[in-house]
Amino acid sequence: MFFSKCGRLKSLYLSSFYYWTDDVPPALEAYHSLALNLTRLDILNPSFSEGFKSDKIKVITKSCPNLIEFKASCRFDPRYIGFVEDEALVSVSVNCPKLGVLHLADTSTLLNARGDGFTAEDASINVATLIEAFSGLPLLEELVLDICNNVRDIGAAFEVLNSSPKLRSLKLGFFHGISMPVESKLDGMALCQGLKSLSIRNVGDLDDMGLIGIGRGCCRLAEVKIHGCSKITMRGMRTLASLLRKTLVDVGVFCCSNLPTRQCFEGVGADTRYDRTPSHRLYLGLWTGALYMLSSMGFLGD
């Protein structure tokens, strides 16, 4: 009934509404002209227990070929029936080649962002699939893939993203092997030179050298958020801040066991353009004493 009255609808945001995920694909198929008109579809609903399954993602993207923005909550865990796998990811790029914003997140990550590196299970996604999917999305500006299971040895896929000249924002969860430089040779994510915003969560094998490689290659970064990366130390953070001192204005560090609070404030704050203006921000999460350090260093005012 709703769709029958909205034939010219361009954007559909359902992230704050409760509905059955099984109802969305047939509705879009039934109202074909509305689906063709849609350019923005947001079904990233944190209240879902399972999210959209693989077959539903395929139907939705096939029904809406003109999307430039697509956000959806999914289930990537292969232990569940209908989990999102290789074929579903490729179908997104095949069906919606005009996408500028793609945001796919596992429902578990929307409710619980904690974690530290590797999980017990691997996702059913490989590097060849991601290369094929990324190659089909040349207009990408913002990419979010927040997965609750390991995606390993993935560096080559992010090298393909360098061919997307508009890519400016990248957020990843549980992707491993994103930056593993050998001596002076950069690889993986470090080749995405146009990035301005980067958020990485639970990258189990990212160490100081990998982080420094990202700082060397992604020289336009203004925002960096790091969550649950236990191999990164102050050496890596200080070098990253120094490499990006002309551009970096927003830093977030959360749940990284080898990055103590005091050293983060002193090291990062000393090596960037941070001052007390609202445009320069430093976030540190889940450490005792963080608020004390903020206050004592003048970040909270008088």
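Note: the structure precedes this text.
Residues numbered from 1 in each chain as written. Predicted model: local features only at pLDDT ≥ 70, side-chain atom pairs only at ≥ 80, totals over all residues. Heavy atoms only, no water.

## Some words on the nonpolar core
- One finds Phe70, Leu130, Phe158, Phe175, Ile178 and Met189 to be the most contacted residues of the largest nonpolar core, which totals 73 residues.
- The element best represented in this core is strand 5 (residues 142-151), accounting for four residues.
- Not counting the four nearest positions on each side in its chain, Ile178 is found in contact with Ile154, Gly155, Phe158, Leu172, Asp187, Gly188, Met189, Ile200, Val203, Leu206 and Ile214. (Core = buried A, V, L, I, M, F, W, Y, C linked by side-chain atoms within 4.5 Å. Buried < 20%, exposed > 50% of the residue type's maximum accessible area, 1.4 Å probe, protein only. Helix = DSSP H or I, 4+ residues; strand = E, 2+ residues; numbered from the N terminus. Contact = heavy atoms within 4.5 Å.)

## Observations concerning unusual backbone geometry
- Not every positive phi belongs to a glycine, and Glu183 is a case in point at roughly 55°.
- Relative to the assigned elements, Glu183 resides in the loop between strand 6 (169-175) and strand 7 (197-201).
- Judged by its relative accessible area of 75%, Glu183 falls in the exposed class.
- Positioned with a positive phi, Cys255 is a non-glycine residue whose angle comes to about 55°.
- Within the secondary structure, Cys255 is located in the loop between strand 9 (250-254) and helix 10 (261-271).

## Examining the pattern of salt bridges
- Taken as a whole and assessed by the stated rule, the structure comprises eleven salt bridges.
- Arg152 is paired through a salt bridge with Asp122; the nearest N and O atoms lie 3.0 Å apart. Residue Arg152 is located in the loop between strand 5 and helix 7 (155-160), and its partner Asp122 is located in the loop between helix 5 (107-111) and helix 6 (127-135); the two are separated by 30 residues in the primary sequence.
- Overall, Asp122 belongs to the partly exposed group, its relative accessible area being 33%.
- Among the salt bridges present, the one from Lys225 reaches Glu223, with a minimum N-O distance of 3.2 Å.
- Where salt bridges share partners, they join Asp22, Asp55 and Lys56 into one cluster. (Salt bridge = Lys/Arg side-chain N within 4 Å of Asp/Glu carboxyl O.)

## Some words on the packing of helix 8 (residues 208-217) against helix 9 (residues 234-243)
- As a packed pair, helix 8 and helix 9 sit with axes 9 Å apart at the nearest point and diverge in direction by 5°. Accordingly, the angle class assigned to the pair helix 8 and helix 9 is roughly parallel. Of the residues in helix 9, those touching helix 8 at Asp208, Met209, Leu211, Ile212, Gly215 and Arg216 are Arg235, Gly236, Met237, Thr239, Leu240 and Leu243.
- Residue classes in the contact of helix 8 with helix 9 are distributed as six nonpolar, three polar and three charged. (Axes fitted to C-alpha atoms, helices over the stretch in contact; angles between N-to-C directions. Parallel < 35°, antiparallel > 145°, perpendicular 65-115°, else oblique. Nonpolar A, V, L, I, M, F, W, Y, C, P; charged D, E, K, R; others polar.)

## Topic: the packing of aromatic side chains
- Taken as a whole and judged by the stated rule, the model has five aromatic pairs.
- With centroids separated by 6.1 Å and ring planes inclined at 65°, the aromatic side chains of Tyr18 and Trp20 adopt a geometry described as edge-to-face. The same class applies to Tyr18 as to Trp20, namely exposed.
- Between Tyr19 and Phe48, the ring centres sit 5.1 Å apart and the planes meet at 85°, which makes this aromatic pair edge-to-face. (Phe/Tyr/Trp six-rings, centres within 6.5 Å; stacked < 30°, edge-to-face > 60°.)

## Considerations on helix 9
- All of the buried residues along helix 9 are Met234, Gly236, Met237, Leu240 and Ala241. Along helix 9, the residues classed as buried sweep out an arc of 160° about the axis, all on the same side. (Arc of directions from axis to C-beta.)

## A few points about helix 4 (residues 86-95)
- Of all ten residues that make up helix 4, eight are buried, and the element is covered over most of its length.
- Those residues of helix 4 that fall on the buried side of the exposure criterion are Asp86, Ala88, Leu89, Val90, Ser91, Val92, Ser93 and Asn95.
- Check the buried side of helix 4 and you find it contacts helix 3 (54-63), strand 4 (101-106) and helix 6.
- In this structure Glu85 caps helix 4, since a side-chain oxygen of it lies 3.2 Å from the backbone nitrogen of Glu87. (Polar contact = N/O pair within 3.5 Å; in protein donor to acceptor, adjacent residues only side chain to side chain.)

## Some remarks on the pairing of strand 3 (residues 69-74)
- In terms of burial, strand 3 is largely enclosed, as six of its six residues are buried.
- The alternating pattern of strand 3 places Glu69, Lys71 and Ser73 and Phe70, Ala72 and Cys74 on opposite faces, both of which are buried.
- Bridge count between strand 2 (residues 40-43) and strand 3: four bridges; the pairing is parallel. Residue pairing across strands places Asp42 opposite Lys71, the latter belonging to strand 3.
- Following the chain from strand 2 across helix 3 to the adjacent parallel strand 3, one finds a crossover that is right-handed.
- As paired strands, strand 3 and strand 4 are joined by six bridges and run parallel to one another. Bridging across to strand 4, Lys71 finds its partner in His103.
- Following the backbone out of strand 3, through helix 4 and into the adjacent parallel strand 4, one traces a crossover that is right-handed. (Pairing = 2+ DSSP bridges. Right-handed = clockwise from strand over helix to strand, strands pointing away.)

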